Amino acid sequence: MNRAALFDVDGTLADTNHLHVTCWWEALRQGGHHVAMHNIHRAIGLPGEDLLAHLLGEERDTDQDDTLTAAHDTLYGTYFDRLPSLDAAADLLRELDRRGWRVVLVTSAQQAELDALRRAVDADDAITATASADDVEEGKPAPDPVRHALDLAGAPAHGSVFVGDTVWDMRAGSRADVTCVGVLSGGIPRGDLEEAGAQAVYRNPADLLAHLGDSPFADTAGLGR
């Protein structure tokens, strides 16, 4: 039976969450919206339209959405040639691939951004496939991206693990019935990740790699600790 090792990218494999916060803050400011960076941080991981709805409300002028998203994308694009991966992110993916896991990225990133992130992580040889918000009806925290990733891996939910850094990741994974693992590298507190469904939490990819032998990945049934 195939086993899928599913990974969010921003904040999980790449140290990019605070770049997104800054770019969304500036894009919103340009559009006349003054939103605290703390609130933006908590929304990172949602697809653009959902992020704006979360921050500005469902009653906002949605005619602005495309302009705000384009402003964020333009600002964030200036970092594409220097996006930083998190320590040991590539080593973690390669080790899981070596152990027979099918590694699939689960992200809300658009193609150009995803290409830049993959260059930063630099582990394409270990990645089986990528599932993005564009591939499904609803992005995280809906389970659709995770279920699509499982289909790409040819793996069932039972026995698969999803690693992410936000509550949106944990909720999506839990709703898709996979084992959820949280990392603190995105800046979200441990308690929030556990409340959203994380069965184990590690500081960052390096910490997870160092403890892989007693992590949910060590359980061939994928049932966690």
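Relevant structure appears above.
Residues numbered from 1 in each chain as written. Predicted model: local features only at pLDDT ≥ 70, side-chain atom pairs only at ≥ 80, totals over all residues. Heavy atoms only, no water.

A. Looking closely at helix α5 (residues 89–98). Taken as a whole, α5 has its buried residues at Ala-89, Ala-90, Leu-92, Leu-93, Glu-95 and Leu-96. Those residues of α5 hidden inside the fold are in contact with β1 (4–7), β2 (102–107), α6 (111–121), β3 (127–132) and α10 (205–210). (Buried < 20%, exposed > 50% of the residue type's maximum accessible area, 1.4 Å probe, protein only. Helix = DSSP H or I, 4+ residues; strand = E, 2+ residues; numbered from the N terminus. Contact = heavy atoms within 4.5 Å.)

B. Spotlight on the nonpolar core. In terms of nonpolar packing, the biggest core is built from 36 residues, with Leu-6, Leu-28, Ile-40, Leu-51, Leu-55 and Val-146 touching the most fellow members. Among the secondary structure elements, those contributing two or more residues to this core are β1, α1 (17–30), α2 (37–43), α3 (48–56), β2, β3, α7 (144–153) and α8 (167–175). Aside from chain neighbours lying at most four places away, what touches Leu-28 is His-33, Val-35, Ile-40, Leu-52, Leu-55, Leu-56 and Leu-68. In terms of nonpolar packing, the next biggest core, distinct from the first, is built from 34 residues, Val-121, Ala-200, Leu-208 and Leu-212 among them. (Core = buried A, V, L, I, M, F, W, Y, C linked by side-chain atoms within 4.5 Å.)

C. Representation of the pairing of strand β4 (residues 161–164) in the model. Alternating residues of β4 divide into Val-161 and Val-163 and Phe-162 and Gly-164, and every residue in both groups is buried. Two elements, β1 and β4, share three bridges in a ladder whose sense is parallel. Counterpart to Ala-5 in the pairing with β4 is Val-161. Looking at chain direction, β4 and strand β5 (residues 179–183) are connected through four bridges and run parallel. Within β5, the position partnered with Val-161 by the bridge is Thr-179. In terms of handedness, the path from β4 via α8 over to β5 forms a crossover that is right-handed. (Pairing = 2+ DSSP bridges. Right-handed = clockwise from strand over helix to strand, strands pointing away.)

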